Amino acid sequence: MTATRAGYAALLGRPNVGKSTLLNRLIGQKLSITSPKPQTTRHVILGIQTLPDAQIVYVDTPGLHRRGRQALNRYLNRAAASVLGYVDVVVWVVEALRWTEEDEDVLHRLADFAGPVVLAANKVDRITDKSRLLPFLRDLASRRNFSEVVPLAAINGDNVAALEQVIARLLPARDPLFPEEQMTTASERFLAAELIREKLTRLLREELPYALTVEIEHFVDEGRLTRVHALIWVERETQKGIVIGEKGAMLREVGRQARKDMERLFGRKVFLQTWVKVREGWSDDERVLRSLGYADPPTS
Ligand SMILES: Nc1nc2c(ncn2[C@@H]2O[C@H](COP(=O)(O)OP(=O)(O)O)[C@@H](O)[C@H]2O)c(=O)[nH]1
Ligand SMILES: [Mg+2]
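So, how was this worked out
- Residues numbered from 1 in each chain as written.
- Chains lettered and ligands numbered in written order.
- Predicted model: local features only at pLDDT ≥ 70, side-chain atom pairs only at ≥ 80, totals over all residues.
- Heavy atoms only, no water.
- Helix = DSSP H or I, 4+ residues; strand = E, 2+ residues; numbered from the N terminus.
- Rg over C-alpha atoms; globule rule 2.2 N^0.38 Å.
- Buried < 20%, exposed > 50% of the residue type's maximum accessible area, 1.4 Å probe, protein only.
- Contact = heavy atoms within 4.5 Å.
- Areas by Shrake-Rupley, 256 points an atom, 1.4 Å probe, with all protein chains shown as cover.
- Lys, Arg positive; Asp, Glu negative; His and termini not counted.
- Charge placed at Lys NZ, Arg CZ, Asp CG, Glu CD.
- Axes fitted to C-alpha atoms, helices over the stretch in contact; angles between N-to-C directions.
- Parallel < 35°, antiparallel > 145°, perpendicular 65-115°, else oblique.
- Left-handed = near helix turned anticlockwise from the far one by under 90°.
- Nonpolar A, V, L, I, M, F, W, Y, C, P; charged D, E, K, R; others polar.
- Donors = N, O, S within 2.8 Å, 3.2 Å for Na, K, Ca; no water.
- Salt bridge = Lys/Arg side-chain N within 4 Å of Asp/Glu carboxyl O.
- Core = buried A, V, L, I, M, F, W, Y, C linked by side-chain atoms within 4.5 Å.
- Domains from an automatic or database assignment.

Comments concerning the overall build of the protein
And step 1. Tallying secondary structure elements over the protein gives nine helices and nine strands in all.
And step 2. The C-alpha radius of gyration computed for the protein amounts to 20 Å, which stays within 12% of the reference 19 Å derived for 300 residues, consistent with globular compactness.
And step 3. Overall, the C-alpha framework of the protein stretches about 55 × 45 × 40 Å when taken along its three principal axes.
And step 4. In the protein, which comprises 300 residues, the share counted as buried stands at 51%.
And step 5. Contacts spanning at least 24 positions in sequence make up 72% of the contacts within the protein whose residues lie at least 6 apart.
And step 6. Entry remark: accessible area of the protein is about 14,400 Å², with carbon and sulfur atoms responsible for 49%.
And step 7. Side-chain charges of the protein comprise 44 positive and 39 negative groups, with the mean position of each set lying 4 Å from the other.

A word on the packing of helix 6 (residues 188-203) against helix 8 (residues 249-266)
And step 1. Here helix 6 crosses helix 8 at 140°, and the two axes come no closer than 9 Å. Judged by the inter-axis angle, helix 6 sits oblique to helix 8. In terms of crossing hand, the pair formed by helix 6 and helix 8 is right-handed. Here Glu188, Leu191, Ala192, Leu195, Ile196, Glu198, Lys199, Leu200 and Leu203 of helix 6 lie close against helix 8, whose contacting residues are Met250, Glu253, Val254, Gln257, Ala258, Asp261, Met262, Leu265 and Phe266.
And step 2. When the residues that make up the contact of helix 6 with helix 8 are grouped by side-chain class, the tally is twelve nonpolar, one polar and five charged.

Quick look at the coordination of the magnesium ion (ligand 2)
And step 1. Bound to the magnesium ion (ligand 2) on the protein side are Ser20 (OG) and Thr41 (OG1), at distances that span 2.0 to 2.2 Å. Of this pair, Ser20 sits in helix 1 (residues 19-27) while Thr41 sits in the loop between helix 1 and strand 2 (45-50), and the two are 21 residues apart along the sequence. As far as burial versus exposure is concerned, Ser20 and Thr41 are alike and both buried.

Let's talk about the pattern of salt bridges
And step 1. For the structure shown, the criterion picks out 21 salt bridges.
And step 2. Put simply, Arg98 and Glu95 hold a salt bridge, and the shortest N to O gap is 3.5 Å.
And step 3. Taking the relative accessible area as the measure of exposure, Arg98 reaches 44% and is therefore partly exposed.
And step 4. Taking relative accessible area as the criterion, Glu95 reaches 5% and is therefore assigned buried.
And step 5. For Glu95, the salt bridge is made with Arg126, and the minimal N-O distance between the two is 3.3 Å. With a gap of 31 residues between them, Glu95 in strand 4 (residues 89-95) and Arg126 in the loop between strand 5 (117-122) and helix 4 (133-141) connect regions that are remote in the sequence.
And step 6. One network of salt bridges, in which partners are shared, links Arg14, Glu95, Arg98, Asp103, Lys123 and Arg126.

Examining the nonpolar core
And step 1. Counting 55 residues, the largest nonpolar core has Ile196, Val243 and Met262 as its most contacted members.
And step 2. Viewed by domain, this core spans two of them, domain 1 (5-170) and domain 2 (188-291), each represented by three or more residues.
And step 3. The contacts of Ile196, once residues within four sequence positions are left out, are Val214, Ile216, Ala230, Ile232, Val254, Ala258, Met262 and Leu272.
And step 4. With 32 residues, the next largest nonpolar core counts Val59, Leu64, Leu84 and Val90 among its residues.

Below you can see the structure in the form of structure tokens.
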């Protein structure tokens, strides 16, 4: 019998490099929400992949970023940094040919991590002049020791299988940590709220998504149908109007798209109802944040 390897692999990097897209590609399901806007991911989310001889538990994180003034931003940075305390492998995700000060910050944070770090250079599908890739990778590889450097494209799956093999080899010999059929530790209730937030993030204009959050009031399984009641919290009356849209059109579209994704992920019919409510200043109030589920991760 071959030895089984198992462990945690963190997907770390600045916002928008494609960490959540990569997680979904690796797991083959839309577990973690994605969008072109930074700070889409607000929670640490686990995606479990059981291979014949290894179990990789991916840890998707909010991007490490600089704007750290608001309570929500501070929370996101803490959540991302704290995973370094327990993961076996770090996959540092960067965007191919693009290097920013925020990448530099992440590199500094990784200095404290003693375990193996794999560099994943994502979005290679965007590169027209392929000869520029090698110098870019070589330059990054000179900045610290990497177990491996893997160029890939999460969007179409290019070379993603190679990354998976690299990670599996770096995990410690250990029995699986989760049952092999388990895909995540997140509840369906949580995933439902996230899918609604994804649609809002994608459909609303630039600034508004940061001012809202989603709370699931009811999540009731009725056999082949699941009934979901969701509250969308915004910070001001004017924002409420924007979320609802002309004659309710925006909210209807958000609900339609979110319901379709929920049905695909849960494998059942979903009946979704949404309401919009105003709670002033939720994103800068630590107490309100906790009540909306932004609990600090364990520090052990
Ligand atoms: N062209 C291209 N776009 C990508 C790729 N991976 C992710 N993206 C896009 O980059 C944006 C940010 O992705 P997301 O996964 O939310 O990034 P995160 O903030 O690091 O989790 C989204 O618009 C994705 O569709 C890729 O391999 N190629
Ligand atoms: Mg993300």
